[in-house]
Amino acid sequence: MSHSQTLPSHTPVLIVGAGPTGLSLAIELVRRNVECLLIDRNPAPLPFDRATVIHSRSLECFETMGTIDEFLARGHIMRGFNIFAFGKKVAQTSFESLECRHPYDLNLAENETEDILTARLESLGGRVSRGWSLEGLNQTDTEVTATLKSAEGVETTVTADWLVGTDGIHSRVRESIGVAVAGHQYPARWGVVDGYLPNWQHEPDRAAIQIEAPALNPIPLPAERWRIYFRVYDATDTSSLLDHINAGFASLSPGTELKEPDQPMLYRTFRQLSAHYRSSRVLLAGDAAHACSPIQGHGMNTGIQDSFNLGWKLAH
């Protein structure tokens, strides 16, 4: 949605950041007939993918939100993972023993998750107001006044009964209320690349975790593609990342090489925790509140579950 749409001067809940956490919160409010304003500084949804694995509890949340059929139609069910060291399988885990309605993970690109949630929000009468960034905020005991700026530099103010920061690890909302963050950046870099794995030697519905160098973590995606997370060491020649990855496959699945890969992306990972999740009428959720190594796959899932919990409480 374009920022050219005018914003209301007042909203019961202002949500800053339209990733999965912000979208989930907006859905939970709107389906309880609570108006909210969901803004995002990006003029369009981000095309690249960050979080892939949707956990059982998040799927239960999506069931309640009315989106589960769409997720199951588009995602790839992953039933466990195998751990490998030096060419041997040393451990295996099955999710089938989980006592829940969805005893599996569902793998789906994060931009598709956002697409499904955005469509659900719009079907309920809500929307995302894009191209607006938070410049600053002030609050009293009864309301928050937020200064917002459009992509063209137009400033406006919106008052809200509550403001929720779902704006990620470098949260502007968290900065604005002066909440301290404890944590650190992990020293090793990671990379991610998608492609096909012909002659894959292991189960197609389980992730693989190779723990020795070059450490690889392939996870299955829809349409028989795989997402490969890999460690990038100081000595890694980043100009030949595909050689580095295929060297890992020589041990993990002899005869398998990555085919038709997209462009590898490198990134750094963080572990951090905000000192508080609330300052009077401003709340933090998702990565703005807490962030972890992506190896556990908890980041997006804990954000969705923050919102699922917060939504009904704010509605009351």
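Residues numbered from 1 in each chain as written. Predicted model: local features only at pLDDT ≥ 70, side-chain atom pairs only at ≥ 80, totals over all residues. Heavy atoms only, no water.

**Digging into the overall build of the protein chain**
Then, in step 1: Helices and strands together make up the secondary structure of the protein chain, namely 7 helices and 21 strands.
Then, in step 2: The C-alpha atoms of the protein chain give a radius of gyration of 21 Å, which matches the 20 Å a tight globule of 316 residues would have.
Then, in step 3: Seen along its three principal axes, the alpha-carbon backbone of the protein chain occupies a region of about 60 × 40 × 35 Å.
Then, in step 4: Looking at the protein chain residue by residue over its 316 residues, the buried ones come to 48%.
Then, in step 5: Residue pairs at least 24 apart in sequence account for 72% of intrachain contacts in the protein chain once pairs closer than 6 positions are excluded. (Helix = DSSP H or I, 4+ residues; strand = E, 2+ residues; numbered from the N terminus. Rg over C-alpha atoms; globule rule 2.2 N^0.38 Å. Buried < 20%, exposed > 50% of the residue type's maximum accessible area, 1.4 Å probe, protein only. Contact = heavy atoms within 4.5 Å.)

**Digging into the packing of aromatic side chains**
Then, in step 1: Within this structure, the stated rule accounts for 4 aromatic pairs.
Then, in step 2: Taken together, a centroid distance of 4.1 Å and an interplanar angle of 5° make the contact between Phe62 and Phe71 stacked.
Then, in step 3: In this structure Phe62 comes out as buried when scored by relative accessible area, which is 0%.
Then, in step 4: Measuring from ring centre to ring centre gives 6.2 Å for Trp200 and Phe249, while their planes differ by 85°; the resulting arrangement is edge-to-face. Residue Trp200 is found in the loop between strand 13 (189-195) and strand 14 (206-210), and its partner Phe249 is found in helix 6 (residues 241-252); the two are separated by 49 residues along the sequence. The exposure classification of Trp200 matches that of Phe249, with both residues buried.
Then, in step 5: By way of ring pairs, the aromatic residues Trp200, Trp226 and Phe249 are connected into one cluster.
Then, in step 6: Stacked on the ring of Tyr196, the Lys or Arg Arg225 has its end atom at 4.9 Å from the ring centre.
Then, in step 7: Against the face of Trp162 rests Arg281, its NZ or CZ located 4.6 Å from the ring centre. (Phe/Tyr/Trp six-rings, centres within 6.5 Å; stacked < 30°, edge-to-face > 60°. Lys NZ or Arg CZ within 6 Å of the ring centre and 35° of its normal.)

**What to know about the side chain of Arg206**
Then, in step 1: With respect to the secondary-structure elements, Arg206 resides in strand 14.
Then, in step 2: Under the relative-accessibility criterion, Arg206 is labelled buried at 14%.
Then, in step 3: Reaching out from Arg206, the side chain makes a polar contact with the backbone oxygen of Thr93 at a distance of 3.0 Å.
Then, in step 4: Discounting residues that sit within four places of it in the chain, Arg206 has contacts with Met78, Arg79, Gly80, Phe81, Asn82, Thr93, Ser94, Pro220 and Trp226. (Polar contact = N/O pair within 3.5 Å; in protein donor to acceptor, adjacent residues only side chain to side chain.)

**Looking at the sheet that holds strand 4 (residues 76-78)**
Then, in step 1: A sheet is described by the order of its strands in space; here 3 strands give the open sequence 3-7-4, paired in antiparallel fashion. The outermost strands of the open sheet, each flanked by one partner alone, are strand 3 (53-54) and strand 4.
Then, in step 2: In this structure, strand 3 lies alongside strand 7 (residues 105-107), joined through 2 bridges in antiparallel fashion. Across the sheet, Val53 pairs through a bridge with Asn107, a residue of strand 7. (Pairing = 2+ DSSP bridges.)

**Focus: the pairing of strand 15 (residues 216-220)**
Then, in step 1: The buried count for strand 15 comes to 5 of 5 residues, which makes it a mostly enclosed element.
Then, in step 2: Burial along strand 15 is two-sided: Leu216, Pro218 and Pro220 facing one way and Asn217 and Ile219 facing the other are all buried.
Then, in step 3: Pairing of strand 15 with strand 16 (residues 226-232), which is carried by 5 bridges, proceeds in the antiparallel orientation. When the sheet's bridge partners are listed, Pro218 is paired in strand 16 with Ile228.
Then, in step 4: Taking the residues that link successive antiparallel strands as the turn, the strand 15-strand 16 hairpin has 5 residues, and the phi of Ala223 there is positive, at about 60°.

**Some words on the environment of Gly75**
Then, in step 1: Mapped onto the fold, Gly75 is located in the loop between helix 3 (68-74) and strand 4.
Then, in step 2: With near-sequence residues (within four places) excluded, Gly75 lies in contact with Leu106, Asn107, Leu108 and Pro222.

**Considerations on the sheet that holds strand 5 (residues 80-85)**
Then, in step 1: With mixed pairing, the 3 strands of this open sheet are ordered in space as 6-5-14. The open sheet has two edge strands, strand 6 (88-94) and strand 14, and neither has a second partner. If you compare each strand with its neighbour and ignore which way they point, the axes differ by 20° on average.
Then, in step 2: Inspection of the sheet shows strand 5 paired to strand 14 by 5 bridges, in the parallel sense. (Axes fitted to C-alpha atoms, helices over the stretch in contact; angles between N-to-C directions.)

**Describing unusual backbone geometry**
Then, in step 1: Residue Pro214 follows Ala213 across a cis peptide bond; omega there is -5°.
Then, in step 2: Within the element layout of this structure, Pro214 appears in the loop between strand 14 and strand 15.
Then, in step 3: The backbone phi angle of Glu224 is positive, close to 65°, even though this residue is not glycine.
Then, in step 4: For Glu224, the location among the structural elements is in the loop between strand 15 and strand 16.

**Details of the environment of Ala51**
Then, in step 1: Structurally, Ala51 is set in the loop between strand 2 (36-40) and strand 3.
Then, in step 2: C-alpha of Ala51 to C-alpha of Asp161: the two residues are 110 residues apart in sequence and 31 Å apart in space.
Then, in step 3: Among residues more than four places away in sequence, those in contact with Ala51 are Leu108, Ala109, Glu110 and Met300.

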